[in-house]
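Results of the structural survey
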Amino acid sequence: MRTTTTSTDANKDEEEHQMHEKRVSQVLLELKIKTGVLRRLSKEREMYEREVLDFTTQIEKDERIDRNDDDEQNNARQRKQCLEESKAMVRDTFVRLEKAFVDLEELVENVVEGKEDFDLSDEVTGKEEFRLAKEQVERVKPSLCWLYEYRTFRVWFLRQWWCDLGKEALKV
């Protein structure tokens, strides 16, 4: 009877070890995927910003040169339309980039701080996937810092405005 208990304990230990290894590999896979998404969106944003700059330069050049040719006027209209589409894509990509950044930054912080079920932080932080994720977060962070400053200012401003509005209402 004792041998079955030891065998059962060994099986439990093996199952726990396998579940632990599976969780580590899931976290590493999640880090790899989210890092790739952030990298791709960062490149997309740069590409669309370059497009906006290129189209703006071309349109300014077209406006300096007065052409009466219908084809040239049509091309100029198409460039303006492409410029507007590129501007829309910059905004869209920026929103997706911000979301991807927050997701990856939270995952990295959770792993480092050992939050949730991340009792495996020592095993994950030493891996290449974690290092690359952390580097990508640090690379993208400066381009998003102004956003956090703007949001903080906006919240402060709205609170001030709301308080002032309340004071004005009390005066009446």
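Rules and cut-offs
- Here the residue numbers are simple positions, counted from 1 along each chain's written sequence.
- The model is predicted, so local features are restricted to residues of pLDDT at least 70 and side-chain atom pairs to those at 80 or more, both for listing and for counting; the totals for chains, interfaces and linings are taken over all residues.
- Only heavy atoms go into the side-chain values, all of them from the structure, while hydrogens and water stay out.
- Runs of E in the DSSP output that reach at least two residues are strands. Runs of H or I that reach at least four are helices, and both are numbered from the N terminus.
- For this analysis, residues touch if any pair of their heavy atoms sits within 4.5 Å.
- Between the first and last residue of a helix there are one fewer steps than residues, each counted as 1.5 Å, and that sum is the expected span.
- Remark: nonpolar core denotes a set of buried residues (Ala, Val, Leu, Ile, Met, Phe, Trp, Tyr, Cys) joined through side-chain atoms within 4.5 Å.
- Accessible area is worked out with a 1.4 Å probe on protein chains only. A residue is then buried under 20% of its type maximum, exposed over 50%, and partly exposed in between.
- Within this document, salt bridges are pairs made up of a side-chain nitrogen of Lys or Arg and a carboxyl oxygen of Asp or Glu, the two lying within 4 Å of each other.
- Every patch collects residues that have over 30% relative accessible area and no salt bridge, joining them within 9 Å if they carry like charges and within 5 Å if they are nonpolar side chains (Val, Leu, Ile, Met, Phe, Trp, Tyr).
- Computed with a 1.4 Å probe, the accessible areas rest on the Shrake-Rupley method; for each residue, only the protein chains presented here act as cover.
- His is not counted, nor are the chain ends; Lys and Arg add positive charge and Asp and Glu add negative charge.
- Charge positions are represented by NZ for Lys, CZ for Arg, CG for Asp and CD for Glu.

As a further point, take the environment of Glu44. Looking at the secondary structure, you find Glu44 in helix H1 (residues 2-64). Sequence spacing of Glu44 and Val90 is 46 residues, and the spatial spacing of their C-alpha atoms is 8.4 Å. Residues in contact with Glu44, not counting those within four places in the same chain, are Thr93 and Arg96.

With 44 residues, helix H2 (residues 70-113) extends 64 Å from end C-alpha to end C-alpha; this agrees with the ideal 64 Å at 1.5 Å per step. Remark: Gly114 follows H2 within two positions and exhibits a positive phi of approximately 70 degrees.

Here we come to the nonpolar core. Core analysis: the biggest nonpolar cluster contains 20 residues, and Leu31, Leu38, Leu104 and Val124 have the highest contact counts within it. At the level of elements, H1, H2 and helix H4 (128-171) are the ones that each hand at least two residues to this core. The element that contributes the greatest number of residues to this core is H2, accounting for 8 residues. If near-sequence neighbours (up to four positions away) are discounted, Val124 is found in contact with Val24, Val27, Leu28, Leu31, Val111 and Phe130. By size, the runner-up hydrophobic cluster in this structure holds 6 residues, among which are Val52, Phe55, Ile59 and Leu83.

Taken as a whole and assessed by the stated rule, the structure comprises 11 salt bridges. One salt bridge in this structure joins Asp62 and Arg79, with 2.4 Å as the shortest N-O distance. With Asp62 in helix H1 and Arg79 in helix H2, the pair connects residues that are 17 residues apart, well separated along the chain. Here Lys141 and Glu105 are joined by a salt bridge, their closest N and O atoms 3.6 Å apart. In this pair, Lys141 is assigned in helix H4 and Glu105 in helix H2, connecting sequence segments 36 residues apart. For Lys141, a relative accessible area of 31% puts it in the partly exposed group. Of the residues examined, Glu105 reaches a relative accessible area of 16% and is grouped as buried. Among the charged side chains, a network of salt bridges with common partners joins Arg40, Glu44, Asp92 and Arg96.

Another aspect to go through is the side chain of Gln136. Structurally, the position occupied by Gln136 is in helix H4. Excluding residues within four positions of it along the chain, Gln136 makes contact with Thr35, Leu38, Arg39 and Ser42.

Let us look at a negative patch on the surface. A contiguous patch of negative charge, built from Asp9, Asp13, Glu14, Glu15 and Glu16, is present on the exposed surface. By secondary structure assignment, the location of Glu14 is in helix H1. A relative accessible area of 42% means that Glu14 is categorised as partly exposed.

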